[in-house]
Amino acid sequence: MNHFLEISQLSRKEIESILQRAVYFKHHNHYPSYTQNTVANLFYENSTRTRVSFELAAKRLSMPVINLDLQNSSETKGEVIEDTVRTLAAMGIQYFVIRHREEGLQQRLANEVGDAIQIINAGDGTHAHPSQALLDMMTILEEKPQLDKLKIAILGNIRHSRVANSFQCICAHLGVGELVLVAPELWQPKTVHYGRVTSSLRDGLTDADVVICLRVQHERLLESEHLDLDSYRRDFALTQESLTYARPDVMVMHPGPINRGVEIDSDVADGANSFILKQVTHGVFARMAIFDALINRG
């Protein structure tokens, strides 16, 4: 594993190894020290959870971290990202955590730079968010380790969700019993990587062991793809009432940030079945394991 770009490029063994390492980091306070390995965070889209999580992960491994101020960088003078990465690499930076609106950009960079540096995909457009898939699966496995027995539902704007894409891929690799993608027809995926699609909230949530609720992403919608939010709430919002379709011990998850009162109600997001903050906690350990795997790649 020379780069960390998308779940579909990993083997089941590699995924399980990263997850096992993440669990190890969670339960042990003594971490390896990688002081010679510097990380640059290049976030061309706004982010709180993912950027801070990667920064904390690197610092717990004693890795120096550079957070590039892209508003005041040479990008504003017309420098392309390829030259930015090469310039920072010439200063001795080896690991680049990149979030960008352009789909496939991290893959293109990885193809151009070869194995001299390591690219980590922190989200590319609507395509992939592989580290989120890992932390989500880590959260599920801790509570419900028999994946082949589970019904998992992803609810919301599947078509524009890089989270949903990567999660479908990790479910395929690890053999999740049933994955249901629940969305209004306008937001149903053009490509299904794993599972089945339904526009029925009741069908999707009935006897679900896990429900992952997605944010309504206003910034990714085309004019023709906007739905009336009142109609969306009526038919697809995760409320205490709609949650009764699922199993009593259902895990409620959300990649954040949450639009309270839109795709999920506060009493569900903050309720006894919510694992949303546990996801955030696990994000640091999962990203530590990603760094660890790249540094110790065979």
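Cut-off values and rules
- Residues numbered from 1 in each chain as written.
- Predicted model: local features only at pLDDT ≥ 70, side-chain atom pairs only at ≥ 80, totals over all residues.
- Heavy atoms only, no water.
- UniProt positions renumbered as here; feature names shortened; annotations may be inferred.
- Helix = DSSP H or I, 4+ residues; strand = E, 2+ residues; numbered from the N terminus.
- Rg over C-alpha atoms; globule rule 2.2 N^0.38 Å.
- Buried < 20%, exposed > 50% of the residue type's maximum accessible area, 1.4 Å probe, protein only.
- Contact = heavy atoms within 4.5 Å.
- Areas by Shrake-Rupley, 256 points an atom, 1.4 Å probe, with all protein chains shown as cover.
- Pairing = 2+ DSSP bridges.
- Axes fitted to C-alpha atoms, helices over the stretch in contact; angles between N-to-C directions.
- Expected span 1.5 Å × (residues − 1).
- Salt bridge = Lys/Arg side-chain N within 4 Å of Asp/Glu carboxyl O.
- Polar contact = N/O pair within 3.5 Å; in protein donor to acceptor, adjacent residues only side chain to side chain.
- Phe/Tyr/Trp six-rings, centres within 6.5 Å; stacked < 30°, edge-to-face > 60°.
- Lys NZ or Arg CZ within 6 Å of the ring centre and 35° of its normal.

Labelled according to an unreviewed UniProt entry, the chain appears under the name Aspartate carbamoyltransferase, originating from Fluoribacter dumoffii. Under Function (unreviewed entry), UniProt gives the following word-for-word description of the chain: "Catalyzes the condensation of carbamoyl phosphate and aspartate to form carbamoyl aspartate and inorganic phosphate, the committed step in the de novo pyrimidine nucleotide biosynthesis pathway."

Enquirer: Describe the overall build of the chain, and please don't skip the residues or the numbers.
Expert: For the chain, the count of helices and strands is 11 helices and nine strands. For the chain, the C-alpha radius of gyration of 19 Å lies close to 19 Å, the compact-globule estimate for 298 residues. Principal-axis analysis of the C-alpha atoms gives the chain an extent of 55 × 45 × 30 Å. Scored against the burial criterion, the 298 residues of the chain give a buried share of 54%. By sequence separation, contacts in the chain at least 24 residues apart represent 76% of the contacts at least 6 residues apart. When the accessible area of the chain is evaluated, it comes to approximately 13000 Å², of which 46% is carbon and sulfur surface.

Enquirer: Help me get a handle on the sheet that holds strand β7 (residues 196–198), residues and values and all.
Expert: Taken together, five strands build an open sheet; the order of strands is β7-β6-β5-β8-β9 and the sheet is parallel. Single-partner strands in this sheet number two, and they are β7 and β9 (251–253). Between one strand axis and the next, the sheet turns through 20° on average, direction left out of account. Two strands pair when backbone bridges link them, and strand β8 (residues 210–213) and β9 are joined in this way by three bridges, in the parallel orientation. Residue pairing across strands places Ile212 opposite Met253, the latter belonging to β9.

Enquirer: Help me get a handle on helix α2 (residues 49–60), residues and values and all.
Expert: Look at α2: 16 Å from first C-alpha to last across 12 residues, which is about the 16 Å you get at 1.5 Å a residue. All buried positions along α2 are accounted for by Thr50, Ser53, Phe54, Glu55, Ala57 and Ala58. The inward-facing, buried residues of α2 abut β1 (39–43), β2 (65–67), β3 (95–100), β4 (118–124), α5 (130–143) and α11 (276–295). Among the residues trailing α2, Ser62 stands out with phi positive, at a value near 65°.

Enquirer: So what about the pattern of salt bridges? Which residues, and what values?
Expert: For the structure shown, the criterion picks out 20 salt bridges. When the shortest N-O distance is used, the salt bridge between Lys278 and Glu142 registers 3.5 Å. Residue Lys278 is located in helix α11, and its partner Glu142 is located in helix α5; the two are separated by 136 residues in the primary sequence. Accessibility expressed as a relative area gives 30% for Lys278, which makes it partly exposed. Asp148 is the partner of Lys149 in a salt bridge, and the nearest nitrogen-oxygen pair spans 3.4 Å. Because the salt bridges share partners, they merge into one network encompassing Glu82, Asp83, Arg86, Glu102, Arg108 and Glu112.

Enquirer: Describe in detail the environment of His282, supporting the description with residues and values.
Expert: Summarising the element assignment, His282 is placed in helix α11. Expressed as a C-alpha distance, the spacing of His282 and Val211, which sit 71 residues apart in the sequence, is 17 Å. If we skip the residues at most four places from it in the chain, His282 touches Lys26, Leu135, Met138, Thr139 and Glu142. Within the structure, the side chain of His282 is placed 3.0 Å from the side chain of Thr139, a separation counted as a polar contact.

Enquirer: Talk me through the packing of aromatic side chains; I want residue IDs and the actual numbers.
Expert: Given two aromatic rings, their pairing is described by the distance between the two centres and the angle made by the two planes. Under the criterion given, the structure shown has five aromatic pairs. Ring centres of Phe25 and Tyr31 lie 5.8 Å apart, and the angle between their planes is 85°; this geometry places the pair in the edge-to-face category. When its relative accessible area of 0% is taken as the criterion, Phe25 is described as buried. Tyr31 gets classed as partly exposed once you look at its relative accessible area, which sits at 25%. Taken together, a centroid distance of 5.3 Å and an interplanar angle of 50° make the contact between Trp187 and Tyr232 tilted. Of this pair, Trp187 sits in the loop between β6 (178–182) and β7 while Tyr232 sits in helix α8 (residues 229–236); the two residues are 45 residues apart in sequence, bridging distant segments of the chain. One Lys or Arg, Arg287, reaches over the ring of Phe54 and ends 5.0 Å from the middle of that ring.

Enquirer: So, the environment of Val284: which residues are in play, and what are the values?
Expert: Its location among the elements puts Val284 in helix α11. What makes Val284 buried here is its relative accessible area of 8%. Separated by 224 residues in sequence, Val284 and Arg60 place their C-alpha atoms 9.1 Å apart. The contact partners of Val284, leaving out residues within four places of it in the chain, are Ser53, Leu56, Ala57 and Arg60.

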